[in-house]
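Geometric and topological summary
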Amino acid sequence: MARGRRRELLLSRLYAFACGASRFEADVSQVGGPGFSRVAFANEPDSIEASNLNYGSNYVSTTKYNAATFFPKALFEQFRRVANMFFLFVGCLSFTSLAPYSAVSAIFPLIVVIGATMAKEAVEDWRRYQQDIEVNNRKVKLHQGGGTFKFTEWRNLRVGDIVKVEKDSFFPADLVLLSSSYDDGICYVETMNLDGETNLKLKQALEVTTGLQSDSSYQDFKAIIKCEDPNASLYTYVGTMEYEDRQYPLSPQQLLLRDSKLRNTDFIYGVVVFTGRDTKVMQNATDPPSKRSKIERLMDRLIYLLMSSLVSIAFIGSVVFGVKTNDDLQDGKMKRWYLRPDDSPIYFDPTRAAVAAILHFLTAMMLYSYFVPISLYVSIEIVKVLQTVFINQDIQMYHEESDKPAHARTSNLNEELGQVDTILSDKTGTLTCNSMEFIKCSIAGTSYGHGFTEVERAMARRKGSPLVETEGSREHHENAKPAIKGFNFDDARIMYGNWIKEPHADVIRMFFRLLAICHTAIPEVDEEKGNVSYEAESPDEAAFVIAARELGFEFYQRTQTSISIRELDPISSKHVEKSYKLLNVIEFNSSRKRMSVIVQDDKGKLLLLSKGADSVMFERLANNGREFEDKTKVQMLEYADAGLRTLVLAYRELDEDQYKSFNQMFMDAKNSVSADREERMEEAADSIERNFILLGATAVEDKLQNGVPECIDKLAQAGIKLWVLTGDKMETAINIGFACSLLRPGMKQIIISLEGPDIIQLEKGGNKEVIAKASKASVIDQINEGNKLVSSSTSESFALIIDGKSLAYALKDDIKNLFLQLAVGCASVICCRSSPKQKALVTKLVKEGTGKVTLAIGDGANDVGMLQESDIGIGISGAEGMQAVMASDIAISQFRFLERLLLVHGHWCYRRISTMICYFFYKNLTFGVTIFLYEAYTTFSGQPAYNDWYLSLYNVFFSSLPVIALGVFDQDVSARFCLKFPMLYQEGVQNVLFSWRRILGWMFAGVCNGISIFFLCSAALQHQAFRRGGEVVSFDVLGGTMYTCVVWVVNCHMALSITYFTVIQHVFIWGSIALWYIFLLVYGALPPSFTTNAYQVFVEVLAPAPSYWITTLFVVAATLVPYFSYSSIQMRFFPMYHNMVQWIRYDGQADDPEYCQIVRQRSVRPTTVGVSARVDAKVSQSQSSSATRVHHAVHSS
């Protein structure tokens, strides 16, 4: 009985490019050979044969470490950094007798720093582990034997298990589909987690297993599946299933991939073929390309510079020490008797001065190691993580409609956000909403629809003429219905059933009937309200079926073999239900640029309904089907000028013989496994998709996202260039450019295209070599002409617009530098009809050719290449799935949030990180110079100026917390001023805050401060009685006083550098100084065996002596006065741009438009793009015209 039912189903099977009956006459000889050795014993995972195969479990781990590998792997990661390796080397040396301090005090800072970093790694990995637990513990129904299915965790699944997956659940492993809740074994799958696509995919079981639709059916089910080995290809699958002594070929149509979701299907049964790491999604789980910021790379060079300097001064000191030691013996007496050379076997032995110098070099390396900031890396990591928290928590970048905040997926690139020179943006879904609205249409040569697009409004503004509503539009607004997503059509002539009164009512009916039938959308009926909504492959397709529904042709039901609509009967004026037998779906792809369906109506008439791009549809019209062609073309050009996306609709009637011939050809091609299978299928489709009768064209609007023109204007004022890389036609892209203020009137357009008559004539000839040669020459000529035009003008702004064909030649190795030269000289660049690969190549060209920071932003799977190629990838979490987000560094939900992300957070992060790194080198040089000078003062004897633990804790406790607070909280100006004065952003683009001049300036300040502290302290204390008994200071007193001055100076210097104080910064700065005194008390109270020369030094010696406090006050003031004076003079008389904005705020002139405009005019470069540039152009035009009138008036008088 079941077989009889399946035979009936076979007669009405749906055949499409993407889905069809799996009856391949396949050559499966490769199955079982190399690369095709996988065997799954369905329903017998415990059999001896299955156990011997020893396939992996379904447990998935995404962690970097486990309990056994954490310490070795994490330690290896830490010691890959040269600074940490250096401190490990120093720590090892500290266990020798050469060490100037104890080994424990040398190792302690390294342990703290590496421990903190490893703790951060452990926390991050623990979060991944928690996510793994959640996934692995998900439940699925597993066949336990005897036709019984019970819930079990995903991790327990094995190859060969039979599972039952229910609606809206994820597939737990890679499964071969056996049957579903549909009689013909189909199911709908959402693969958004795999490829980012939101459209549903159709899968179909083998005919032989479609009848197994109940739990009890699997009581005695046995089958053997042989297939390919695990691989990363999501779209291929080769295998066979041996069932009831017959072999059946398996294809991708039967494969259900882990992490995809079952939709619109109540349940499916499947057999597990790949588990855990063998599943295709895990085979694709590769780490994203590693990105490091330019500042971080420069910081590495600074570390190398410091280490080189350290080696140099250690070498110089050792040479001096060797010379001094060699001259130490004079007339049998030691000059430096106090060094006790008699108690040292080699170190101070004048007779072995060369060896002593070498040993001193190792001692000096340990002593001067404090020049290198050991806590720099870990401090920056902490700061960057906290900065990303602030980005993620910014309420101004939260999109309430989609409930999505900003999400920084990496913290490595925070400062690069403040250095972006060029933005490369997708258009659809990035600048626009990717939420299509049906707004106009052309039917039988008549244009319908009164609505205005944003592009039309922008064009009207350019021409200076306001748009006027028509009478029909006004009447519609007075009786407006609630807004319907995807439908913004307004024309009473064909709405509300009025189309039956139109001259070509039969054409209108076929037009909307085609919209209701020719698609792959799936209806979802709300049983309570009776409303129908649609799951569609694209927003365009959803807009079409919604438009058909609203205009009286409601698609409400779809099966594998039929499609049902309710349409208005013009005779009875009532809605009637009609069902069409669905014979074939020939789906859309980028090369065909059209989609067709073949259906049979209730009268037996065969219809081929098609919609597609004008470039392929008009040439396929029959001679008797071109009645409305000229009018339709004119109207489509008007739609394109209005920024609308157009499709041509046409149909033809087929007779039985035509259809049978096509179907046989199509099925032969589909069932073949030869290399030319796709070409044969396309050839079959091409043979039938001809001789159409034109119905008309649709026009849908992809609206600009809210705030896009304003955001582009701000970015342009900030000096950031914007390139748009889109797949749209040139006309549409240009008009969108005007609507979003990327282009403006008066801007000269340089258009590079291969649509000239000469190239078109050559293309008709078909000689590919001649076409390629001529096309390349044409592109070179056009680029050279553009470069001449740009170089000959200094006042005008240019826009470069290039199509996809031309771009293919412009990106060739011998032309790309010419193209880049032209593009960089233009204010705006728009690349039309560009492919995903071209987007990535353009991004690479800009990044490598300019050497500046590039940012790519997109929302679809076709944008992944450019996101990964750019310095910073921004993913828009929009309507095209999550693949762009998953490949991005930072995710935002709206393009307009880019303004705040760059101009506010980017500017702050760049400034904070730059100042933080400079300050680290400053404070370590200040400290290190005092150590060096004291050792020079003691004739390079290897004597440290400070106690062991003073040295160890300087970077860890007494100077590190304020710099972390600076990196997290400091602001030169508020967010409001960052947005009001966008040119502040150019400080990051030009890297003025982390240039070599500024870095060396901070280093010079550190050296000067160290010199000042040492000599002032020495001079103040050297010959003075320090105690009541008249004793002079010992070196522990000098060291304690100098250390106090260093702590005060570096922390007060921090206080002078900060421009935005918070309570936390006050606590950290003054708390660090207070902590030093607390440490002196606590540490000095410990036993002398531990504290050595620091025992009670503060309580008994330093604190009671007035000279200690006076010296500290005097030295700190004297050391900081030069920096304070320099900063004051620089800010008052030579202000940087942010200083000027600070003065505006201080003087209370922030709301004075004239004064603010003066400040803006002093910015780094003029604005050539955006709303502001448009206003400036109008002002300059009016000024020049006024000047001309005055000139003529003077001469006429």
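Please read all numbers here as calculations on a predicted model, not as lab measurements.

1. With respect to the overall build of the chain
In terms of regular secondary structure, the chain is built from 41 helices and 36 strands. The long-range share in the chain, meaning contacts at least 24 apart out of those at least 6 apart in sequence, stands at 74%. When the accessible surface of the chain is summed, it comes to about 52,200 Å², and 55% of that surface belongs to carbon and sulfur atoms.

2. Description of helix H3 (residues 70–78)
Every α-helical turn comprises 3.6 residues, leaving residues that sit three or four positions apart pointing alike. Buried within H3 we find Phe 70, Ala 74 and Gln 78. Axial view of H3: buried residues confined to an arc of 55°, hence all on one face. Summarising the contacts, the buried residues of H3 are in contact with helix H4 (82–93) and helix H5 (103–136).

3. Here we look at helix H19 (residues 708–717)
In terms of burial, H19 is a largely internal element, 8 of the 10 residues being buried. What H19 keeps buried is the set Val 708, Pro 709, Cys 711, Ile 712, Asp 713, Leu 715, Ala 716 and Gln 717. Gly 719 lies just past H19 and shows a positive phi near 85°.

4. Some words on the confidence of the model for the chain
Any residue range with low pLDDT should be treated as having predicted coordinates unsuitable for detailed reading. Residues at a pLDDT of 70 or more form 85% of the chain, whose mean pLDDT is 82. With pLDDT under 50 throughout, residues 1–29 is counted as low confidence; its partners more than four residues away or in other chains account for 83 contacts. Across residues 1183–1197 the pLDDT falls below 50, and counting only partners more than four positions away or on other chains, this stretch makes 0 contacts in the model.

5. Details of the sheet that holds strand S18 (residues 420–425)
One open sheet holds the 9 strands; their spatial order is S17-S36-S35-S34-S18-S30-S33-S32-S31, and the pairing between them is mixed. Edge positions in the sheet fall to strand S17 (407–408) and strand S31 (748–752), since each has one partner strand and no second. With 5 bridges connecting them, S18 and strand S34 (residues 853–858) associate as parallel partners. Within the sheet, the bridge partner assigned to Leu 424 lies in S34 and is Ala 856. Across the sheet, helix H28 (residues 897–937) is in contact with S18, S34, strand S35 (872–876) and strand S36 (890–892); its angle to S36 comes to roughly 140°.

6. Overview of the pairing of strand S28 (residues 644–654)
Taking burial as the measure, the 11 residues of S28 include 8 buried ones, the bulk of the element. Where S28 lies against strand S29 (residues 693–704), 8 bridges are found, and the strand directions are antiparallel. Its bridge partner being in S29, Val 648 is matched across the sheet by Ala 697.

7. Side note on the nonpolar core
By size, the foremost hydrophobic cluster in this structure holds 109 residues, and its most contacted members are Tyr 946, Tyr 950 and Trp 1076. Element by element, the count of residues in this core is highest for H28, at 15 residues. Those residues in contact with Tyr 946 that lie beyond four places of it in its chain are Phe 927, Thr 930, Ile 931, Leu 951, Gly 1039, Met 1042, Tyr 1043 and Val 1046. Of all hydrophobic cores here, the second largest spans 79 residues; its members include Ala 516, Val 585, Leu 607 and Ala 685.

8. Re the packing of aromatic side chains
Tallied over the entire structure, the rule returns 55 aromatic pairs. Summarising the aromatic geometry, the rings of Phe 1098 and Tyr 1108 are spaced 6.4 Å apart at their centres and angled 75° between planes, so their arrangement reads as edge-to-face. Here Phe 1098, found in helix H37 (residues 1097–1102), pairs with Tyr 1108, found in helix H38 (residues 1106–1133); they are 10 residues apart in sequence, far enough to count as distant. Residue Phe 1098 is classed as buried on the basis of its relative accessible area of 9%. Residue classification places Tyr 1108 among the buried positions, given a relative accessible area of 0%. Residue placement shows Lys 633 over the ring face of Phe 618; its charged tip is 5.1 Å from the ring centre.

9. Some words on empty space enclosed by the protein
Tallied over the entire structure, the rule returns 3 cavities of 30 Å³ or more. In this structure, the largest cavity encloses a volume near 120 Å³. Among the elements of the structure, H4, H5 and helix H29 (948–958) are those that each provide at least two residues to the lining of the largest cavity. Taken together, the residues of the lining of the largest cavity break down into 9 nonpolar, 3 polar and no charged.

10. Some details on a nonpolar patch on the surface
On the surface, a cluster of nonpolar side chains totalling about 490 Å² of accessible area is made up of Phe 957, Leu 1075, Ile 1078, Leu 1081, Val 1082 and Val 1099. Take the nonpolar patch: its biggest share by element is 4 residues, from helix H35 (residues 1063–1084). Tracing the chain through its elements places Leu 1081 in helix H35. According to the relative accessible area criterion, Leu 1081 is partly exposed, its value standing at 43%.

What counts as what
- Residues numbered from 1 in each chain as written.
- Predicted model: local features only at pLDDT ≥ 70, side-chain atom pairs only at ≥ 80, totals over all residues.
- Heavy atoms only, no water.
- Helix = DSSP H or I, 4+ residues; strand = E, 2+ residues; numbered from the N terminus.
- Contact = heavy atoms within 4.5 Å.
- Areas by Shrake-Rupley, 256 points an atom, 1.4 Å probe, with all protein chains shown as cover.
- Buried < 20%, exposed > 50% of the residue type's maximum accessible area, 1.4 Å probe, protein only.
- Arc of directions from axis to C-beta.
- pLDDT = per-residue confidence, 0-100.
- Pairing = 2+ DSSP bridges.
- Axes fitted to C-alpha atoms, helices over the stretch in contact; angles between N-to-C directions.
- Core = buried A, V, L, I, M, F, W, Y, C linked by side-chain atoms within 4.5 Å.
- Phe/Tyr/Trp six-rings, centres within 6.5 Å; stacked < 30°, edge-to-face > 60°.
- Lys NZ or Arg CZ within 6 Å of the ring centre and 35° of its normal.
- 1 Å grid on protein atoms, 1.4 Å probe; cavity = no way out; pocket = protein on both sides within 12 Å on 5 of 7 lines; lining within 4 Å.
- Points joined across faces, edges and corners; volume = space filled by probe spheres on them.
- Nonpolar A, V, L, I, M, F, W, Y, C, P; charged D, E, K, R; others polar.
- Patch = residues over 30% accessible without salt bridge, like charges linked within 9 Å, V, L, I, M, F, W, Y side chains within 5 Å.
- Salt bridge = Lys/Arg side-chain N within 4 Å of Asp/Glu carboxyl O.

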